[in-house]
Amino acid sequence: PAPAVDSVVITADRMIDVLSGKVVERPVIVATGGRIVSVVGEGAARPVIPAGARRIDLPGRTLVPGLIDMHAHLTSNPKYGGYSGYQFTDSFWVAQGTGNAERTLRAGFTTVRNVGSDGYADVGIKQAIEEGWVAGPRIVPAAHALGATGGHCDETFLPPSFQRKSPAVGDSPEELRRRVREQRKYGAEVIKACATGGVFSRNTEPGVQQLHPEELKAIVDEAHFWKLKAAAHAHGADGIRAAIEAGFDTIEHVSFIDDAGIKAAKARGTFLGFDVYNTEYTLAEGEKNGVLPENIEKERRVGTIQRENFRKAAQAGARMIFSTDAGIYPHGDNARQFAVMVRFGLTPMQALQSATSNAAEALGRTGDVGAIAVGRYADIVAVAGDPLTDIRTLEKPVVVIKGGEVVAGATAS
Ligand code: ARG
């Protein structure tokens, strides 16, 4: 008969402890009911193994915590850029989004913050995953991203006779407070707002601020009042500084951040999520995927500067999170960003921490995700090589474990 509470013992050659920044040799991890109850390394007393525990033995492998992408759009698909997306019915996006969720999980991302989707699709996909109907990561949904009328997070592709507007636009502190409450009411667990223009909208400039300081502050205050974190899309230096001053917990994209912005982020402990991988994909595939020339032109203006500023922020010791904007590039390729982060100034350990311990902190979820540690979910990725010498081994996980269950790959035993 199955044990009353399901236990599992996971062993491997080594494990990266992102909390201490150290490598643990010959780890033995015990989890019960999906949560880690003990972690020991070589030389420590053997842990108590619950009767009937399953075994997952991963000889030769290195274990890292289940990865966290702080900026994904599971319902977006890079194949359908510009106007080509309008060929599909609304529910198409949810249906293919479930496939994207599975791809993301199989790539080692056991938690994803979804920072913007229509029709509460991210909330629905999360519910379907939790009910066990489809496979996917743990999702922290933002539902609709807030923003100004005509701003980056509004609907900007259709003429006025179509009367398209995002349900989450607001044009005063009061309206934006209400938008926060509406998103939360229907399942948002983080609030996303567009503080500046962006690359993939029409008639917006990435460098130009789109919400007033008092609007940004109203969004953050209302989110925090409801115990939610707030994430700001911000490319331009003014909008970045205003969002940091307003108290946003994370700044996304961060492309044109200036020295004052880096200083402010460090002083306030604001996390920065630079999506430094996707520029190659957009420049190589965008045109073929239907992305409009004006959007490709904006990408050209943003990508290179963003990487230089990432390097500056990294050198200054700013707190980094792993934010890819997957959906702009194919879901499942999320881990390709690690190599770019290392190329532009992070150590492999720092890059890994951006997607684990730092991410958990930025989510306010240090109790359950982001480390292989007692109390947290047994979300674990096994890789073949040593990520601390070759970060790209994270691009090819051999086994992915979520809540103590193998969800991708095969084990030796
Ligand atoms: N969603 C973002 C925007 O449209 C993507 C920016 C991508 N480009 C980049 N270099 N990070 O603004």
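Peer 1: Whenever I open this one, the site of the ligand confuses me. Can you help?
Peer 2: Close contacts around the ligand come from 15 residues, with Val-199, His-235, Asp-275, Glu-299 and Asp-325 the closest. In the model, an oxygen atom of the ligand is placed 2.9 Å from a nitrogen or oxygen of the Phe-200 main chain. With respect to the ligand, the side chain of Glu-299 contributes an N or O atom lying 2.6 Å from a nitrogen atom. Considered on its own, the ligand offers 350 Å² of accessible surface; in the complex 96% of this is hidden by protein. The leading source of residues in the shell around the ligand is helix 8 (residues 293-315), at 4 residues.

Peer 1: How should helix 7 (residues 278-285) be read in this particular structure?
Peer 2: One turn of an α-helix holds 3.6 residues; hence residues three or four places apart share an orientation. Every buried residue of helix 7 is accounted for by Asn-278, Thr-279, Tyr-281 and Thr-282. Projection of helix 7 onto a plane perpendicular to its axis shows the buried side chains occupying an angular sector of 165°, all on one side. Buried residues belonging to helix 7 abut helix 8.

Peer 1: Is there a simple way to explain the pattern of salt bridges in this structure?
Peer 2: Between side chains of opposite charge, a pair can form when the charged atoms approach closely. Per the counting criterion, the structure on display carries 26 salt bridges. Between Glu-308 and Arg-311 there is a salt bridge, with the nearest N and O atoms lying 4.0 Å from each other. Here the residue Glu-308 and the residue Arg-311 both occupy positions in helix 8, the gap between them amounting to 3 residues, near one helical turn. Taken together, the shared-partner salt bridges in this structure form one network comprising Asp-6, Arg-54 and Glu-405.

Peer 1: Even after reading the chapter, I still don't get the side chain of Asn-278, so can you show me in this structure?
Peer 2: With respect to the helices and strands, Asn-278 occurs in helix 7. Within the structure, the side chain of Asn-278 is placed 3.2 Å from the backbone oxygen of Thr-324, a separation counted as a polar contact. For Asn-278, the residues in contact, after removing those within four places along its chain, are Thr-324, Asp-325, Ile-328 and Tyr-329.

Peer 1: Before we go on, may I ask you to explain the side chain of Ser-166 in this structure?
Peer 2: Its location among the elements puts Ser-166 in the loop between strand 8 (138-141) and helix 3 (173-185). What Ser-166 contacts, discounting residues up to four positions off in sequence, is Ala-145, Cys-153, Asp-154 and Glu-155.

Peer 1: What exactly am I supposed to notice about the state of the cysteines here?
Peer 2: What is meant by a disulfide is a covalent connection between two cysteines, made through their sulfur atoms. One pass over the structure, following the stated rule, counts 1 disulfide. The disulfide partner of Cys-153 is Cys-194, and the S-S distance across this bridge is 1.9 Å. Here Cys-194 lies in strand 9 (residues 190-194) and Cys-153 lies in the loop between strand 8 and helix 3, a separation of 41 residues in the sequence. Judged by relative accessible area, Cys-153 falls into the buried class, the value being 16%.

Peer 1: Is there a simple way to think about the sheet that holds strand 7 (residues 109-114) in this case?
Peer 2: Paired through backbone hydrogen bonds, the strands of a sheet run either parallel or antiparallel to each other. Read across the open sheet, the 3 strands follow the order 6-7-8; overall the sheet is parallel. Since the sheet does not close on itself, it has two edges, and those belong to strand 6 (67-72) and strand 8, each with one partner. Here the average twist between neighbouring strands, direction ignored, is 15°. The pairing of strand 6 with strand 7 spans 4 bridges and is classified as parallel. If you follow Leu-67 over to strand 7, its bridge partner there is Phe-109.

Peer 1: Sorry if this is basic, but what is going on with the packing of aromatic side chains here?
Peer 2: Describing an aromatic ring pair means giving the distance of the ring centres and the angle of the ring planes. Scanning the entire structure with this criterion turns up 14 aromatic pairs. Geometrically, the ring pair formed by Phe-88 and Trp-93 is edge-to-face, given 5.8 Å between the ring centres and 85° between the ring planes. Take Phe-88: its relative accessible area is 25%, and that puts it in the partly exposed class. Plain terms: the ring middles of Phe-274 and Phe-310 are 5.2 Å apart, the flat faces sit at 80° to each other, and that makes the pair edge-to-face. With Phe-274 in the loop between strand 12 (271-273) and helix 7 and Phe-310 in helix 8, this pair connects stretches of sequence that are 36 residues apart. The same class applies to Phe-274 as to Phe-310, namely buried. Site record: aromatic cluster; members linked through ring pairs are Tyr-80, Phe-88, Phe-92 and Trp-93. Its end group placed over the ring of Tyr-377, Arg-35 keeps NZ or CZ at 4.2 Å from the ring centre. For Arg-138, the ring lying beneath its charged end belongs to Tyr-377, and the centroid distance is 3.5 Å.

Peer 1: Even after reading the chapter, I still don't get the packing of helix 1 (residues 90-106) against helix 2 (residues 121-130), so can you show me in this structure?
Peer 2: Think of two packed helices as two axes; the pair is described by the angle between the axes and how far apart they sit. With their axes 10 Å apart at the nearest point, helix 1 and helix 2 run at an angle of 55° to one another. Here helix 2 runs oblique to helix 1, going by the angle between their axes. Helix-helix and strand crossings are classified by hand; for helix 1 and helix 2 the assignment is right-handed. Counted together, Val-94, Gly-97, Thr-98 and Ala-101 of helix 1 and Ala-121, Ile-125 and Ile-129 of helix 2 form the full contact between these two elements. Here the residues of the contact of helix 1 with helix 2 sort into 5 nonpolar, 2 polar and no charged.

Peer 1: Even after reading the chapter, I still don't get the sheet that holds strand 12, so can you show me in this structure?
Peer 2: Spatially, 9-10-11-12 is the arrangement adopted by the 4 strands of the open sheet, whose pairing is parallel. Strand pairing shows two members of the sheet lacking a second neighbour, strand 9 and strand 12, which therefore form its edges. Direction aside, the axes of adjacent strands within the sheet are offset by 25° on average. Pairing of strand 10 (residues 229-234) with strand 11 (residues 250-253), which is carried by 4 bridges, proceeds in the parallel orientation. Within strand 11, the residue paired with Ala-234 across the bridge is His-253.

Peer 1: Where do I start with the pairing of strand 1 (residues 7-17) in this structure?
Peer 2: Regular strands show a simple pattern: their side chains alternate between the two faces of the sheet. A large share of strand 1 lies buried, amounting to 10 of its 11 residues. The pairing of strand 1 with strand 3 (residues 28-32) spans 5 bridges and is classified as antiparallel. Within the sheet, the bridge partner assigned to Thr-11 lies in strand 3 and is Val-28. As paired strands, strand 1 and strand 5 (residues 54-65) are joined by 7 bridges and run parallel to one another. Along strand 5, the bridge assignment pairs Ile-10 with Ile-56. Sheet topology note: the strand 1/strand 2 (residues 22-25) ladder contains 4 bridges and is antiparallel. Residue pairing across strands places Asp-17 opposite Lys-22, the latter belonging to strand 2.

Quick notes on the rules
Residues numbered from 1 in each chain as written. Predicted model: local features only at pLDDT ≥ 70, side-chain atom pairs only at ≥ 80, totals over all residues. Heavy atoms only, no water. Near = heavy atom within 4 Å. Polar contact = N/O pair within 3.5 Å; in protein donor to acceptor, adjacent residues only side chain to side chain. Areas by Shrake-Rupley, 256 points an atom, 1.4 Å probe, with all protein chains shown as cover. Helix = DSSP H or I, 4+ residues; strand = E, 2+ residues; numbered from the N terminus. Buried < 20%, exposed > 50% of the residue type's maximum accessible area, 1.4 Å probe, protein only. Arc of directions from axis to C-beta. Contact = heavy atoms within 4.5 Å. Salt bridge = Lys/Arg side-chain N within 4 Å of Asp/Glu carboxyl O. Disulfide = S-S within 2.5 Å. Pairing = 2+ DSSP bridges. Axes fitted to C-alpha atoms, helices over the stretch in contact; angles between N-to-C directions. Phe/Tyr/Trp six-rings, centres within 6.5 Å; stacked < 30°, edge-to-face > 60°. Lys NZ or Arg CZ within 6 Å of the ring centre and 35° of its normal. Parallel < 35°, antiparallel > 145°, perpendicular 65-115°, else oblique. Left-handed = near helix turned anticlockwise from the far one by under 90°. Nonpolar A, V, L, I, M, F, W, Y, C, P; charged D, E, K, R; others polar.

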